[in-house]
Amino acid sequence: MKLLVYGAGVLGSLFAARMHEAGHDVSLLARGERLTALRRHGVQLAEGNSPAVRRIPVPVVEHPDGGYDLTTVFVRTHQVDTVLESLARVEGDVLFLHNWAAGAQPLGAVIGHERVLLGFPTAAGTMDGDVVRYRKTNFMTRRVAMPIGEPDGRTTPRLERIVETFRTAGINAKAEPHMDAWLKTHAAFEVPLGQAVHMAGGPVELADDPDAVRGMLHLMRQNLAAMATPPVPRAFAALRTLPQGLLVTVLRRFLRSPTAVHSGLNAPSPATTAELDRLAEQLRTPAGAR
């Protein structure tokens, strides 16, 4: 499989490095200073705060080079429109791996509906200069699979082939028959969480304000109630059914956990704000109005 990874941030770089180490024909698309750094040093990886840095010589390109069997897109929600313009001129299937609550239709309208697959990455990390510091795995994170799905929910030969290819590289992928609902559910949770953390000044600061956590939970419940389909995974239905007091306690504990503290929640940026704003807009806009 000839693979193009579009987006050389934390997740795209980590994904490309793992596919390259597994022996796959992969190229990583980057531009500007990031392209220069990758050409000079390769993808640089470090686990957590470890001083040990590995350099993976992933081939990098500035522009897509002909056709690919699969392009995986790792960009922020508000950057997708720009990416679509260039992908329309590249052959092959396209797997969008990022926050997205607008469904497959606007993607397929630009690049061709038959080319679109949806998914969401489960890895996490931060950029430390040119070094990708990825989250140390544990028993729980190893069990969380990266969902990938066809827009119509079918289990097709290409979906099975992609899932198997990722698994051979040590990426715990799975076919998800309700990928669009999965992404909308995640956005219904992610937008109030991200905006509340930003207003509070960090996850721990939010955890110290029970009233703000209750307000965040109220918005999550509103988003989930507005969905046309049940939440996916089903566990998110608990946000609508369990007592408020219990949920506030659980959410405050999560906000103080290493998972929250060492995640993107603790590193707000203009890009994060722009992404949350675009996701919120997608949640507010009925599918038929897009």
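Every value quoted in this text rests on a predicted model; they were computed, and no experiment measured them.

Participant: A description of the environment of Lys174 should follow, citing residues and the corresponding values.
Facilitator: Tracing the backbone shows Lys174 in strand 12 (residues 173-175). Along the sequence, Lys174 and Ala145 sit 29 residues apart, while their C-alpha atoms lie 6.0 Å from each other. Setting aside residues up to four positions removed in sequence, Lys174 forms contacts with Ala145, Met146, Pro147, Ile148, Val163 and Arg167.

Participant: Hey, could you go over the pairing of strand 2 (residues 25-29) for me, with residue numbers and the actual values?
Facilitator: Sheet faces and side chains relate simply in a regular strand, where the side chains alternate between the two faces. The element strand 2 is largely enclosed, with a buried count of 4 among its 5 residues. Strand direction decides the pairing type here: strand 1 (residues 2-6) and strand 2, joined by 5 bridges, are parallel. Within strand 2, the residue paired with Val5 across the bridge is Leu28. In the classification by handedness, the crossover that spans strand 1, the intervening helix 1 (residues 10-21) and the parallel strand 2 is right-handed. Looking at chain direction, strand 2 and strand 5 (residues 60-61) are connected through 2 bridges and run parallel. In the strand pairing of strand 5, Leu28 is matched with Val60.

Participant: I'd like a description of the nonpolar core, backed by residues and values.
Facilitator: The tendency in soluble globular proteins is for nonpolar side chains to be buried side by side. Residues Phe15, Leu28, Ile148 and Phe166 are the most contacted members of the largest nonpolar core, which totals 35 residues. The element that contributes the greatest number of residues to this core is helix 1, accounting for 6 residues. Residues in contact with Leu28, not counting those within four places in the same chain, are Val5, Gly7, Ala8, Gly12, Ser13, Ala16, Leu38, Val43, Val58, Pro59, Val60 and Val61. Among the nonpolar cores identified, the runner-up in size contains 27 residues, and Tyr6, Leu29, Val73 and Trp100 belong to it.

Participant: Tell me what's going on with the sheet that holds strand 1, and back it up with residues and numbers.
Facilitator: Pairing within the open sheet is mixed, and its 8 strands lie in the order 5-2-1-6-7-8-11-12. With one partner strand each, in any of the chains shown, strand 5 and strand 12 form the two edges of the open sheet. The pairing of strand 8 (residues 116-119) with strand 11 (residues 146-149) spans 2 bridges and is antiparallel. Within strand 11, the position partnered with Leu118 by the bridge is Gly149.

Participant: Give me the lowdown on the pattern of salt bridges, citing residues and values where you can.
Facilitator: As enumerated under the stated definition, the model contains 11 salt bridges in all. Measuring nitrogen to oxygen at the nearest pair gives 2.6 Å for the salt bridge that ties Asp152 to Arg154. As far as burial versus exposure is concerned, Asp152 and Arg154 are alike and both exposed. Across the pair Lys174 and Glu176 runs a salt bridge, and its minimum N-O distance is 3.9 Å.

Participant: Can you break down helix 6 (residues 157-168) residue by residue, with the values?
Facilitator: Between its first and last C-alpha atoms helix 6 spans 17 Å; for 12 residues at 1.5 Å apiece the expected length is 16 Å, and the two agree. Among all positions in helix 6, only Arg158, Leu159, Ile162, Val163, Thr165 and Phe166 are buried. Across the axial projection of helix 6, the buried residues extend over an arc of 160 degrees, all falling on one side. The first or second residue beyond helix 6 is Gly170, which carries a positive phi of 80 degrees.

Participant: Summarise the environment of Asp69; cite the residues concerned and give the values.
Facilitator: Checked against the element boundaries, Asp69 lands in the loop between strand 5 and strand 6 (70-73). Asp69 sits in the partly exposed class, given a relative accessible area of 44%. Taking C-alpha positions, Asp69 is 12 Å from Thr165, a pair spaced 96 residues apart along the chain. If we skip the residues at most four places from it in the chain, Asp69 touches Met1, Lys2, Gly92 and Asp93.

Calculation criteria
- Residues numbered from 1 in each chain as written.
- Predicted model: local features only at pLDDT ≥ 70, side-chain atom pairs only at ≥ 80, totals over all residues.
- Heavy atoms only, no water.
- Helix = DSSP H or I, 4+ residues; strand = E, 2+ residues; numbered from the N terminus.
- Contact = heavy atoms within 4.5 Å.
- Buried < 20%, exposed > 50% of the residue type's maximum accessible area, 1.4 Å probe, protein only.
- Pairing = 2+ DSSP bridges.
- Right-handed = clockwise from strand over helix to strand, strands pointing away.
- Core = buried A, V, L, I, M, F, W, Y, C linked by side-chain atoms within 4.5 Å.
- Salt bridge = Lys/Arg side-chain N within 4 Å of Asp/Glu carboxyl O.
- Expected span 1.5 Å × (residues − 1).
- Arc of directions from axis to C-beta.

Worth remembering: the numbers are spatial, not functional.
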